[in-house]
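So the chains spell out like this:
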Amino acid sequence: MDGELFPRERTLIAPGAVHVPDWLGAGRQGELLAACRAWARPPAGLRTVRTPGGGVMTARQVCLGLHWYPYGYARTVVDGDGAPVKPMPGWLAELGREAVAAAYADAPDPPGPAAAYDIALINFYDGDSRMGMHRDAEEKSAAPVVSLSLGDTCVFRFGNTASRGRPYRDVELRSGDLFVFGGASRLAYHGVPKVLPGTGPRDLGLTGRLNITLRVGGLG
């Protein structure tokens, strides 16, 4: 049910879509930020993503495990420096498993990953960055998508599986928040219409927002 509150402050946003505020503590946020900064360095570092139609995404991105480009995956950075993609760390794959367990704890029939998380997309948003409504549909696995937030708060728009339009629900994702969507909501459209500059925790030392999205590719 929309707005249902789970134990430990988990909120059901849509069937299979769960928001867990403050899931990452300050220490773990700092460790994840340090790792993201290392991954952002070249080769295969932070890049500007260009769409097939010539558009430019305002959020910049770095990938682990497999390189995502609109709309497919590769083992090298096909729209950047051509370097091999950095590997997916085992500890980050385990964090994805922990996230799914936390989001669906006590659920009667929780969707879960059939294999280890093997892809990470790290998106950096400055104050003017946005992300249009889209689906994570290039994977063959139906495992839930795991989203972790660091830094500035954003408005996260979570929609339906039929179109980019209504109905949708806007959720504020703050630093340390977890959002997981699987099951009936695995292919729901979602996006980021707004970032709220200056809202991140000062002690973290991040200007802007980082989103770490974990996926199971099932691509062989």
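Refer to the structure above for everything that follows.
Overview of the structure.

Conventions we followed
- Residues numbered from 1 in each chain as written.
- Predicted model: local features only at pLDDT ≥ 70, side-chain atom pairs only at ≥ 80, totals over all residues.
- Heavy atoms only, no water.
- Helix = DSSP H or I, 4+ residues; strand = E, 2+ residues; numbered from the N terminus.
- Expected span 1.5 Å × (residues − 1).
- Buried < 20%, exposed > 50% of the residue type's maximum accessible area, 1.4 Å probe, protein only.
- Arc of directions from axis to C-beta.
- Contact = heavy atoms within 4.5 Å.
- Phe/Tyr/Trp six-rings, centres within 6.5 Å; stacked < 30°, edge-to-face > 60°.
- Lys NZ or Arg CZ within 6 Å of the ring centre and 35° of its normal.
- Pairing = 2+ DSSP bridges.
- Axes fitted to C-alpha atoms, helices over the stretch in contact; angles between N-to-C directions.

It is worth spelling out helix 1 (residues 26–40) at this point. With 15 residues, helix 1 should reach 21 Å at 1.5 Å per residue; the first-to-last C-alpha distance of 21 Å fits that figure. By the burial criterion, the buried members of helix 1 are Gln-29, Leu-32, Leu-33, Ala-35, Cys-36 and Trp-39. One side of helix 1 carries all its buried residues, which in axial view fall inside an arc of 165°. Across from the buried face of helix 1, at angles greater than 90 degrees, the exposed residues are Ala-26 and Glu-31. Taken together, the buried residues of helix 1 touch strand 3 (60–64), helix 2 (90–103), strand 6 (119–125), strand 8 (145–151) and strand 13 (209–215).

This part covers the packing of aromatic side chains. Counted under the stated rule, the structure contains 7 aromatic pairs. Each ring, one from Phe-158 and one from Phe-179, has its centre 5.3 Å from the other, and the planes form 45°; the classification is tilted. Of this pair, Phe-158 sits in strand 9 (residues 153–158) while Phe-179 sits in strand 11 (residues 178–181); the two residues are 21 residues apart in sequence, bridging distant segments of the chain. Using a relative accessible area of 2% as the deciding quantity, one classes Phe-158 as buried. The class of Phe-179 is buried, set by a relative accessible area of 0%. Here the aromatic cluster, defined as three or more aromatic residues joined through ring pairs, consists of Phe-156, Phe-158, Phe-179 and Phe-181. A cation over an aromatic ring shows up here: Arg-209 above the ring of Tyr-125, its NZ or CZ 5.2 Å from the ring centre.

Right, let's talk about helix 2 for a bit. Here helix 2 is 14 residues long and its end C-alpha atoms lie 20 Å apart, about the 20 Å a rise of 1.5 Å per residue gives. Along helix 2, the residues that are buried comprise Leu-92, Ala-93, Leu-95, Gly-96, Ala-99, Val-100 and Ala-103. All buried residues of helix 2 project into a common sector of 155° when viewed along the axis, lining one side.

Now for the sheet that holds strand 3. The antiparallel open sheet is built from 7 strands, whose spatial order is 1-2-11-8-13-6-3. Bordering the open sheet on either side are strand 1 (11–14) and strand 3, each of which pairs with just one other strand. For this sheet, the mean angle separating the axes of adjacent strands, direction not counted, is 20°. Pairing of strand 8 with strand 13 involves 6 bridges; the strand directions are antiparallel. Bridge assignment links Leu-148 to a residue of strand 13, and that residue is Ile-212.

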